[in-house]
Amino acid sequence: LIEIIVVVFIIGMAVGVVSISVGGNSAADQARKEAEEFVLQTGYVAEQAVLKGETYGLFVELRPAQDIDIQEQWCYTWRRVRDRQWENLPELTPHCIAEGLAIEFRIEDDEWEYDPELEYQDPVIVFYPGGDASAEADIAIISNSTMNDEVETQNFVLDITGEIRWVNEEERIQAERKGL
C-alpha cells in the first residue's frame, strides 16, 4: 500500500511539473489579451462613428516610468469631436497596455512616432461618420523587452474603409481549419 501511495505521489509530481513547464507564456498571453482588447475597442468605435454620425480619434501616449521598478507604459484613449473639440468617451476609459509591451503604428507606410515635446498630440487614427478611416495603417503590439523574444507580435491591418483585421487571429483560425 505504501509503495502504491509513493508511486501515485511521484506520478502526481511529474504531472505537476510537466503542466507548469508546458503552461501558457504569461507575456504572450498578455500580448494576446491586449490585442483582443484593442480590436474590440477599435471595432466598437468604428461602428459608433457611423451610428452616431460623429468623428472619433485614437490618441496614443508613452507615459514615463514613475518608479525604478516600473517601465514606461504605452496608453491609448478614444475621443470624439464635440463642439469642435476632442473629448474622452465616457464608455471607454483610457487604457494602458501591459508592462513590457509596446504599440507601433505604420500609417501609409510611414512609421508613426510619439513626440513628448508636443503640447497637443494629433490622433493617430480617425474614424469618420461615413465609416471610413483617416488612412491605411499597420498596427502591432510587440514586446519592448529583448528578453521576451518568445512573445509573438500581434499584427493588425486597418484599411481606408475603417475595417480592422487581426492578422494573427485570422492565421490561427485558418491553421485550425486546415488541421481539421
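Before reading on, note that the structure itself is shown above.
It should be emphasised that the depicted structure is a prediction, and the values quoted were computed from it without experimental measurement.

What counts and what doesn't
- Residues numbered from 1 in each chain as written.
- Predicted model: local features only at pLDDT ≥ 70, side-chain atom pairs only at ≥ 80, totals over all residues.
- Heavy atoms only, no water.
- Buried < 20%, exposed > 50% of the residue type's maximum accessible area, 1.4 Å probe, protein only.
- Helix = DSSP H or I, 4+ residues; strand = E, 2+ residues; numbered from the N terminus.
- Pairing = 2+ DSSP bridges.
- Patch = residues over 30% accessible without salt bridge, like charges linked within 9 Å, V, L, I, M, F, W, Y side chains within 5 Å.
- Areas by Shrake-Rupley, 256 points an atom, 1.4 Å probe, with all protein chains shown as cover.
- Salt bridge = Lys/Arg side-chain N within 4 Å of Asp/Glu carboxyl O.
- Lys, Arg positive; Asp, Glu negative; His and termini not counted.
- Charge placed at Lys NZ, Arg CZ, Asp CG, Glu CD.
- Phe/Tyr/Trp six-rings, centres within 6.5 Å; stacked < 30°, edge-to-face > 60°.
- Lys NZ or Arg CZ within 6 Å of the ring centre and 35° of its normal.
- Disulfide = S-S within 2.5 Å.

Let's talk about the pairing of strand β5 (residues 101-107)
Point 1. When you tally the buried positions in β5, you get five out of seven residues, the bulk of the element.
Point 2. Of the pairings in the sheet, the one linking β5 to strand β8 (residues 137-143) comprises seven bridges and is antiparallel in character. From the neighbouring strand, R106 faces β8, where its bridge partner is D138.
Point 3. Summarising the sheet, β5 and strand β6 (residues 110-111) pair through two bridges and their orientation is antiparallel. From the neighbouring strand, R106 faces β6, where its bridge partner is E111.
Point 4. In textbook terms, the turn of a hairpin is the stretch between consecutive antiparallel strands, and for β5 and β6 this stretch comprises two residues, one of which, E108, has a positive phi near 50 degrees.

Brief notes about the environment of L40
Point 1. By secondary structure assignment, the location of L40 is in helix α2 (residues 26-52).
Point 2. On the basis of relative accessible area, L40 is assigned to the exposed category, the value being 53%.
Point 3. Sequence-wise, L40 and I164 are 124 residues apart; in three dimensions their C-alpha atoms are separated by 9.7 Å.

Quick word on the sheet that holds β5
As a general point, the strands of a sheet are linked pairwise by backbone hydrogen bonds and lie either parallel or antiparallel.
Point 1. With antiparallel pairing, five strands are arranged side by side in an open sheet as β6-β5-β8-β9-β10. Each having just a single partner strand, β6 and β10 (164-166) make up the two edges of the open sheet.

Some remarks on a negative patch on the surface
Point 1. On the surface, E108, D109, D110, E136 and D138 cluster together into a patch of negative charge.
Point 2. Positionally, D110 belongs in strand β6.

A short note on the packing of aromatic side chains
Point 1. For the structure shown, the criterion picks out nine aromatic pairs.
Point 2. Each member of the aromatic cluster is reached from another via a ring pair, and the members are F38, Y76, F156 and W166.
Point 3. The side chain of R79 reaches across the aromatic face of F59, ending 4.5 Å from its centre.

Concerning the state of the cysteines
Point 1. Within this structure, the stated rule accounts for one disulfide.
Point 2. Each sulfur in the disulfide pair C75 and C96 lies 1.9 Å from the other. On the sign convention where negative means left-handed, the S-S torsion of about 100 degrees between C75 and C96 marks this disulfide as right-handed. Here the residue C75 occupies a position in strand β2 (residues 73-82), and C96 occupies one in strand β4 (residues 95-96), the gap between them amounting to 21 residues.
Point 3. For C75, a relative accessible area of 2% gives the class buried.

Remarks on a nonpolar patch on the surface
Point 1. Taken together, the side chains of I2, V6, F9, I10 and M13 present a nonpolar region at the surface, about 550 Å² in accessible area.
Point 2. On the secondary structure map, V6 appears in helix α1 (residues 2-22).
Point 3. The exposure class of V6 is partly exposed, given its relative accessible area of 41%.

A few points about the pattern of salt bridges
Point 1. Inspection of every chain in the model, using the stated rule, returns nine salt bridges.
Point 2. Its salt-bridge partner being E61, residue R63 comes within 3.0 Å of it at the nearest N-O pair.
Point 3. The salt bridge partner of E176 is R172, with a shortest N-O separation of 2.5 Å. Here E176 pairs with R172, and both are found in helix α3 (residues 167-179), just four residues apart, close to one helical turn.
Point 4. Each member of the salt-bridge network shares a partner with another, and the members are R32, E169, R172 and E176.

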